[in-house]
Amino acid sequence: MKIPTPAIAPSILSADFARLGEQIETVMEAGARVIHVDVMDGHFVPPITIGPLIVEAIRELVKGRGGTLDVHLMIERPERQVEAFAKAGADVITIHPEATPNIHYGLKLIRELGCKAGVVINPGWGGQRYIPTSTRRLAALRQLLPEEVVLEVDGGISLETIDEARDAGAQVFVAGSSVFGAGDPAEAFRELTARLQ
């Protein structure tokens, strides 16, 4: 499984959960091929969000349209939960090194379960502003990492910040409130995607 790049990855954390399926369909019909799922446990970061049941519930909706489920685990000891998310349908699972003493084991386990594995550098939260120092960090990482490693930026992506992140070398752009918080999520998605051309 190859992660489609460049791509806008709408984050369902900002979706209207009463209309979650409809909102996912809307952005996928507009061309989204990566759907981002933020999982928070109330310990590693303060909010509590969703678990494997939601990933399983949206699996066919996303994969049936040729999409990728990108699951970001902002949880303590993620290696204890990766199997549940892989079985639920995750294609990509990203974890934080500070959330576990076993980051190498966690990444190995994710790969053994058939998913792409990723390391997250800094935890954030829904609706946060883009951190300006991220641009310099993205550019430095792009130079350090092999070309085949996908660089994803998650946090504060909007029409005002996407050019900066793209020019620094990011390839996947997680956009929550700037897509699902817009009056027309499909149009907001298309406008962001146009910046990737």
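Here goes a summary of the coordinates provided. Treat the numbers as computed from the prediction; the structure is a model and nothing was measured.

## Some details on the pattern of salt bridges
Tallying each qualifying case throughout the model produces 12 salt bridges. One salt bridge in this structure joins Asp163 and Arg166, with 3.1 Å as the shortest N-O distance. You can see Asp163 and its partner Arg166 sitting in helix α6 (residues 162-167), three residues apart, about one turn around the helix. Looking at Arg166, the relative accessible area reads 27%, which means it is partly exposed. Between Arg190 and Glu187 there is a salt bridge, with the nearest N and O atoms lying 3.4 Å from each other. Remark: Glu187 and Arg190 occur in helix α8 (residues 185-194); sequence separation between them is three residues, near one turn of the helix. Through salt bridges that share partners, Asp163, Arg166, Asp167 and Arg195 make up one connected network.

## Let's talk about the nonpolar core
Membership of the largest hydrophobic core comes to 50 residues, with the highest contact counts inside it found for Ile12, Ile24, Ile35, Val37, Leu73, Ile93 and Phe173. What Ile24 contacts, discounting residues up to four positions off in sequence, is Ile12, Ile35, Ile58, Leu61 and Val62. Membership of the second largest hydrophobic core comes to seven residues, among which are Ile3, Ala9, Val92 and Val174.

## Focus on the packing of helix α1 (residues 20-29) against helix α2 (residues 52-63)
Remark: α1 packs on α2, axes separated minimally by 11 Å, with the N-to-C direction vectors making an angle of 40°. Handedness of the α1/α2 crossing: right-handed. Residue-level inspection shows Leu20, Gly21, Ile24, Glu25 and Met28 of α1 in contact with α2, the latter providing Ile54, Ile58, Leu61 and Val62. Residue classes in the contact of α1 with α2 are distributed as seven nonpolar, one polar and one charged.

## Topic: the sheet that holds strand β3 (residues 68-74)
Taking strand neighbours across the sheet as the criterion, the four strands line up as β2-β3-β4-β5 in an open arrangement whose pairing is parallel. With one partner strand each, in any of the chains shown, β2 (34-40) and β5 (116-119) form the two edges of the open sheet. Shown here is a sheet whose adjacent strand axes are inclined to one another by a mean of 20°, direction ignored. Sheet analysis places strand β4 (residues 92-95) next to β5, joined by four bridges and oriented parallel. Directly across from Ile93, in β5, lies its bridge partner Ala117. Its contacts with the sheet place helix α4 (residues 103-112) against β4 and β5, and it is angled at close to 155° to β5.

## Digging into the sheet that holds strand β1 (residues 7-10)
Taken in spatial order, the three strands line up as β1-β7-β6 in an open sheet, and their pairing is parallel. Two strands bound the open sheet, and with one partner strand each, they are β1 and β6 (152-154). Within this sheet the neighbouring strands show an average axis-to-axis angle of 20°, counted without direction.

Criteria and cut-off values
- Residues take numbers from 1 onward in each chain, read along the sequence in its written order.
- Only residues with pLDDT of at least 70 get local features here, since the model is predicted, and only at 80 or more are side-chain atom pairs given and counted; chain-wide, interface and lining totals rely on the full set of residues.
- As a convention, hydrogens and water are excluded, and side-chain values are obtained from all of the structure's heavy atoms.
- Salt bridges are counted wherever a side-chain nitrogen of Lys or Arg sits within 4 Å of a carboxyl oxygen of Asp or Glu.
- Here a helix means four or more residues in a row that DSSP labels H or I, a strand means two or more in a row labelled E, and each is numbered from the N terminus.
- We call a residue buried when its accessible area falls under 20% of the maximum for its residue type, exposed when it is over 50%, and partly exposed in between, using a 1.4 Å probe and counting protein chains only.
- Here, nonpolar core means buried Ala, Val, Leu, Ile, Met, Phe, Trp, Tyr and Cys residues that are tied together by side-chain atoms lying within 4.5 Å of each other.
- In this analysis, two residues are considered to be in contact whenever any of their non-hydrogen atoms come within 4.5 Å of each other.
- Each axis is a line fitted through C-alpha atoms, and for a helix only the stretch in contact is used; angles between axes span 0 to 180 degrees, taken between their N-to-C directions.
- Left-handed describes a crossing whose near helix is turned anticlockwise from the far helix by less than a right angle; the clockwise case is right-handed.
- For this scheme, ten residues count as nonpolar: Ala, Val, Leu, Ile, Met, Phe, Trp, Tyr, Cys and Pro. Four count as charged, namely Asp, Glu, Lys and Arg, and the remainder, Gly too, count as polar.
- When DSSP finds two or more bridges between a pair of strands, those strands are recorded as paired.

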